[in-house]
Amino acid sequence: MPVTESPLIIALDYPSLDAALCMADQLDPSRCRLKVGKELFTRSGPAVLEALHGRGFEVFLDLKFHDIPNTVASAVEAAAEQGVWMVNVHASGGRAMMEAAADRLAQKRLETRLIAVTVLTSMQASDLAEVGVLASLDEQVAQLAQLAKQSGLHGVVCSAQESARIASLCGDGFLKVTPGIRPAFAVANDQQRIMTPQEAMQAGSTHLVVGRPVTQADNPMDALAAIESELGIDA
C-alpha cells in the first residue's frame, strides 16, 4: 500500500458502500487519506476498509470508542488488525481506558496510530456546561490532550483553534488532527470552530479532515488540488 505524506484526510460521510467507493474512485491515494465514520462502518462493516485498502488508501477509522478499558482495548486491536492507519477513542473515557488501548497496540506490535477526541468541534462552552463540565472549552481541551499524551496515545482530534496550545503542552510530534476545516470557497455547515486549511496548519495542526468541500465538489480532485495549492503542496 502506498504511503502518503499528505496532511489531508477526506471524510467519506456516506450512507452506503457504493457511494463511498464512487467517491474514493475519484480520489488519488498518493494525495490523501480517507476517513470512515460511524454511519458508513455500521452499514458496511469491515468490507469498506477492505475495499479502500484494496484501492491503496490509508484509512482513519473514526468510531470514537468510549467504554470500559478492556472493551475499548479489544476494539482498538480489532481495528488495527484490519490494517487501519489510525483509530480514535474519547479522551473523556479516562486514563485507564486510554492506557489499556495503547498498551494493547504495543503488546501486539500493531503500528496503527491511536488518537483521542478532546471536545467535539460541534460543541461550545454552553454545551459543556449542560453536561456538567465547568471548565472553559480551552481548559477542557488542554486537560484532555495532556491526559491522552500521558496515557501513551499518539495525538488528539482537536479544533485548529486549540492546536497551538496543544503543541506547546504536548510537543510538535504529538498529532493534532483537525476537523472543521473549510477552504475559502466553502460554507461552515454545522461545525462551530472552523479555520481554513492554511490557518490550521500554521496554528499547529498536523492533519486536516475535509469533507463536503471536496466530496460535494463537481470535481473532487480539482477541489483537493485547490487545497493543496493553498497549503503550498506540489501535486
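The coordinates are above.
First things first, this report covers the structure right here in the doc. (Residues numbered from 1 in each chain as written. Predicted model: local features only at pLDDT ≥ 70, side-chain atom pairs only at ≥ 80, totals over all residues. Heavy atoms only, no water.)

## With respect to the overall build of the chain
Here comes step 1: The secondary structure content of the chain amounts to 11 helices and eight strands.
Here comes step 2: Taken over C-alpha atoms, the radius of gyration comes to 17 Å for the chain, in line with the 18 Å a tight globule of 235 residues would show.
Here comes step 3: By its C-alpha atoms, the chain is 45 × 35 × 30 Å across when sized along the principal axes.
Here comes step 4: Taken across its 235 residues, the chain has 54% of its residues classed as buried.
Here comes step 5: The long-range share in the chain, meaning contacts at least 24 apart out of those at least 6 apart in sequence, stands at 70%.
Here comes step 6: Carbon and sulfur atoms make up 48% of the accessible area of the chain, which amounts to about 10500 Å² in all. (Helix = DSSP H or I, 4+ residues; strand = E, 2+ residues; numbered from the N terminus. Rg over C-alpha atoms; globule rule 2.2 N^0.38 Å. Buried < 20%, exposed > 50% of the residue type's maximum accessible area, 1.4 Å probe, protein only. Contact = heavy atoms within 4.5 Å. Areas by Shrake-Rupley, 256 points an atom, 1.4 Å probe, with all protein chains shown as cover.)

## Section: the pattern of salt bridges
Here comes step 1: Evaluation of the coordinates by the stated rule reveals nine salt bridges.
Here comes step 2: With its nearest N and O atoms 3.2 Å apart, the salt bridge here joins E39 to R43. Taken together, the residues E39 and R43, both in helix α2 (residues 38–44) and four residues apart, mark about one turn of the helix.
Here comes step 3: Ionic pairing is found between K64 and D62, a salt bridge with its closest N-O pair at 3.0 Å.
Here comes step 4: Overall, the relative accessible area of 8% leaves D62 in the buried class. (Salt bridge = Lys/Arg side-chain N within 4 Å of Asp/Glu carboxyl O.)

## Here's the deal with the packing of helix α4 (residues 69–81) against helix α5 (residues 95–107)
Between two packed helices, the angle of one axis relative to the other and the distance separating the axes together describe the packing.
Here comes step 1: Relative orientation of the contacting elements α4 and α5 amounts to 35°, with a least axis distance of 8 Å. Judged by the twist between their axes, the crossing of α4 over α5 is right-handed. Side by side, α4 and α5 meet where P69, N70, V72, A73, S74, V76, E77 and A80 of the first sit next to A96, M97, A100, A101, R104 and L105 of the second. (Axes fitted to C-alpha atoms, helices over the stretch in contact; angles between N-to-C directions. Left-handed = near helix turned anticlockwise from the far one by under 90°.)

## Describing helix α3 (residues 46–54)
Here comes step 1: When we look at burial in α3, the residues that qualify are V48, L49, A51, L52 and H53.
Here comes step 2: The elements touched by buried residues of α3 are α1 (17–24), β2 (33–36), α2 and β3 (59–65).

## Let's talk about the side chain of T112
Here comes step 1: By secondary structure assignment, the location of T112 is in the loop between α5 and β5 (113–117).
Here comes step 2: Taking relative accessible area as the criterion, T112 reaches 6% and is therefore assigned buried.
Here comes step 3: Among the polar contacts made by the side chain of T112, one reaches the main-chain carbonyl oxygen of V84 at a distance of 2.8 Å.
Here comes step 4: With residues up to four places along the chain from it excluded, the contact list for T112 reads A80, V84, W85, M86, V87, L105 and H154. (Polar contact = N/O pair within 3.5 Å; in protein donor to acceptor, adjacent residues only side chain to side chain.)

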